[in-house]
Amino acid sequence: MRLIHLLVIGALVFAAAYVYQIKMESTARTERVLRLHAEVREQREAIAALRAEWSKLDAPLRLQGLAERHLKLKPVSAQQFDSLKNLPERPPNLNPNESDSIGAMIDTIDPDIITGSLPAPEVGR
């Protein structure tokens, strides 16, 4: 009978130690979850602050002022636009296997047709 009492007491001590270990692990995991929630909240607040700053930096009036101050742009005049009839025709023998199909298209452009935005080509180059 004493052996059974000792085995039951040993089992109770083992069970108590196991329950205590489970409790400590759950407490540690709960603390980790709370830390992760706090980090997520901090990151969301940082994202919100960055979005607000981006909205301020991306404001059209601010960008226009910066462009006027730092870029030496001139207004667009009507002479800079050309009609569609002056665009070169697509070459009929456009070969997709050719290594430089864009270069071939450029070679077919008539040098006498000049838009208002391009300088006249120099002859003899």
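Residues numbered from 1 in each chain as written. Predicted model: local features only at pLDDT ≥ 70, side-chain atom pairs only at ≥ 80, totals over all residues. Heavy atoms only, no water.

*Asks:* Go over the overall build of the protein, please, and point to the residues and values.
*Replies:* Counting secondary structure elements, the protein contains three helices and zero strands. Secondary structure elements of the protein occur, N-terminal to C-terminal, as α-α-α. Per-residue burial over the protein gives 2% buried out of 125 residues. (Helix = DSSP H or I, 4+ residues; strand = E, 2+ residues; numbered from the N terminus. Buried < 20%, exposed > 50% of the residue type's maximum accessible area, 1.4 Å probe, protein only.)

*Asks:* I'd like a description of a nonpolar patch on the surface, backed by residues and values.
*Replies:* Side chains of I4, V8 and L12 sit close together on the surface and give an oily, nonpolar patch of about 290 Å² of accessible area. Along the polypeptide, V8 turns up in helix 1 (residues 2-57). With a relative accessible area of 44%, V8 lands in the partly exposed category. (Patch = residues over 30% accessible without salt bridge, like charges linked within 9 Å, V, L, I, M, F, W, Y side chains within 5 Å. Areas by Shrake-Rupley, 256 points an atom, 1.4 Å probe, with all protein chains shown as cover. Salt bridge = Lys/Arg side-chain N within 4 Å of Asp/Glu carboxyl O.)

*Asks:* Describe in detail the confidence of the model for the protein, supporting the description with residues and values.
*Replies:* Confidence in the prediction for the protein averages 83 pLDDT; 74% of positions are at 70 or higher. Per-residue pLDDT, averaged within each element of the protein, yields its smallest value for helix 3 (residues 101-107) (69) and its largest for helix 1 (95). (pLDDT = per-residue confidence, 0-100.)

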